[in-house]
Amino acid sequence: QVQLVESGGGLVQAGGSLRLSCAASGIIFSISNMGWYRQAPGTQREFVAIITSSGSTNYADSVKGRFTISRDNAKNTVDLQINSLKPEDTAVYYCNADISPDNWNQRLHWGQGTQVTVSS
């Protein structure tokens, strides 16, 4: 049993910053990729950022230079530092992670999301 829980969302003004956190708990042997997605009302869920177990990162063009993804392998957490927020960043932000409970099984897990609302 694995659970991902996001935190850190809230209401901020444009230009402000937020730091989102996601903690994985449960039966975890290892975690490979960890990432963040977001979904605004009336839109499909879109990719935001990903970080591999070795620390390589990739970002959506819309957030590159403003968002920074990081992870703490010892704590099984992944964070998303969000700077220079824009109203179009308003969305529910979801973390995910490829988690193995043992040496041979792996599946992608999703958190329940945290709301980020940016006012103009």
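Notes on the structure in this doc start here. (Residues numbered from 1 in each chain as written. Predicted model: local features only at pLDDT ≥ 70, side-chain atom pairs only at ≥ 80, totals over all residues. Heavy atoms only, no water.)

Pairing geometry for strand β4 (residues 30–39) and strand β9 (residues 91–100), over eight bridges, is antiparallel. Counterpart to Q39 in the pairing with β9 is V92. As defined by bridge partners, β4 adjoins strand β5 (residues 46–51) across five bridges and the pair is classed as antiparallel. In the sheet register, G35 faces β5, and the bridge partner there is I50. As consecutive antiparallel partners, β4 and β5 are separated by six residues, and within that stretch G42 has a phi angle of approximately 80 degrees, a positive value. (Pairing = 2+ DSSP bridges. Helix = DSSP H or I, 4+ residues; strand = E, 2+ residues; numbered from the N terminus.)

Okay, the side chain of N96 next. Position of N96 relative to the elements: it lies in strand β9. Residues contacting N96, with those up to four places away along its chain left out, are L4, N33, M34, G35, W36, Y37, L108, H109 and W110. (Contact = heavy atoms within 4.5 Å.)

Tallied over the full model, the rule gives three aromatic pairs. Taking 5.1 Å as the distance between ring centres and 70 degrees as the angle between the ring planes, the aromatic pair formed by Y37 and W110 counts as edge-to-face. Separated by 73 residues along the polypeptide, Y37 in strand β4 and W110 in strand β10 (residues 107–110) bring together distant segments of the chain. Plain terms: the ring middles of F67 and Y93 are 6.5 Å apart, the flat faces sit at 45 degrees to each other, and that makes the pair tilted. Here Y93 lies in strand β9 and F67 lies in strand β7 (residues 67–72), a separation of 26 residues in the sequence. For F67, a relative accessible area of 3% corresponds to the buried category. Judged by relative accessible area, Y93 falls into the buried class, the value being 0%. One aromatic cluster is present, built from ring pairs that chain together Y37, F47 and W110. (Phe/Tyr/Trp six-rings, centres within 6.5 Å; stacked < 30°, edge-to-face > 60°. Buried < 20%, exposed > 50% of the residue type's maximum accessible area, 1.4 Å probe, protein only.)

Per the counting criterion, the structure on display carries five salt bridges. Between R38 and E46 there is a salt bridge, and its shortest N-O distance comes to 2.7 Å. Of the residues examined, R38 reaches a relative accessible area of 5% and is grouped as buried. Here R38 and D89 are joined by a salt bridge, their closest N and O atoms 2.9 Å apart. Placement of the pair is R38 in strand β4 and D89 in the loop between β8 (77–82) and β9, with a sequence separation of 51 residues. Put simply, R38, E46, R66 and D89 are held in one network by salt bridges that share partners. (Salt bridge = Lys/Arg side-chain N within 4 Å of Asp/Glu carboxyl O.)

Moving on, we come to the sheet that holds strand β3 (residues 18–26). Pairing within the open sheet is antiparallel, and its four strands lie in the order β1-β3-β8-β7. The two strands at the open ends of the sheet, each matched to only one other strand, are β1 (2–7) and β7. Neighbour to neighbour, the strand axes of the sheet diverge by 15 degrees on average, direction disregarded. Sheet analysis places β1 next to β3, joined by six bridges and oriented antiparallel. Each residue of the ladder has a partner; that of V5, found in β3, is A23. (Axes fitted to C-alpha atoms, helices over the stretch in contact; angles between N-to-C directions.)

Read these as geometric descriptors, not functional statements.
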